[in-house]
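What the coordinates show
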Amino acid sequence: MASIGLTTADRIHVVESIEQMTLPTNAAVTAGDIVTVAAATGLFALGDADGSGTLGIIYGIATRTVASGETLTAVRRGVLSGWDFTGVDYWVNVLAADTAGDITVTSSESNGGSADVIIGRVIPIWDHLIGGSPEKAVLLTL
C-alpha cells in the first residue's frame, strides 16, 4: 500500500472545516497524518488501517506538525489540500494506510492485507479565477 506524500513538507491547507477537534497528542504527529483518539488517555494518537498502531476509530487528519504532548487540531469532516495526487483521478477513494499516520489510494485488500478504511475522496477545487487545472484535494467523510 503506497502512501501519498505532501507537496510541501509539514503543510496542509484547510479549505473547509465542517467538524474538527483540538486535543493534546500522545506522540509526535506530522501535518497530514491520520489520527484517532486513544481510548485509555483521550489524547490524539496516530491511526492506521492494519491495527499495528493505535487503530481505534480514525478521527481525522492533523492540520499541523506537533511534538508529543502539544495540542493539535484535526479535521474530521471538510476539505483539505496539500497532498501529491499526481496521476490519481478525481473521486477516487482515499484510504487509511497500513503505516501509522499515512494515507493512500491503493487498496490493501487485494494483496491479503488489512480491510480498507475509507476516509474520503479526491475532489477538484478551483482555487484560481481563470484557466489552468483544478487542484486535487481530499473531501473527508468520516
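In this report, we go over the structure that sits alongside the text.

Conventions used here
- Residues numbered from 1 in each chain as written.
- Predicted model: local features only at pLDDT ≥ 70, side-chain atom pairs only at ≥ 80, totals over all residues.
- Heavy atoms only, no water.
- Helix = DSSP H or I, 4+ residues; strand = E, 2+ residues; numbered from the N terminus.
- Buried < 20%, exposed > 50% of the residue type's maximum accessible area, 1.4 Å probe, protein only.
- Contact = heavy atoms within 4.5 Å.
- Areas by Shrake-Rupley, 256 points an atom, 1.4 Å probe, with all protein chains shown as cover.
- Phe/Tyr/Trp six-rings, centres within 6.5 Å; stacked < 30°, edge-to-face > 60°.

**Concerning the overall build of the protein**
Along the backbone of the protein there are zero helices and nine strands. Sorting the 142 residues of the protein into buried and exposed places 39% on the buried side. Long-range pairs, those at least 24 residues apart, make up 60% of the contacts in the protein with a sequence separation of at least 6. Of the roughly 6,900 Å² of accessible surface on the protein, 53% is carried by carbon and sulfur atoms.

**Notes on the packing of aromatic side chains**
The final tally for this structure, using the stated rule, is two aromatic pairs. Taking 5.7 Å as the distance between ring centres and 45° as the angle between the ring planes, the aromatic pair formed by Phe 44 and Tyr 59 counts as tilted. In this pair, Phe 44 sits in strand β3 (residues 44-46) while Tyr 59 sits in strand β4 (residues 58-62), placing the two residues 15 residues apart along the sequence. Neither residue differs from the other here; Phe 44 and Tyr 59 are each classed as buried.

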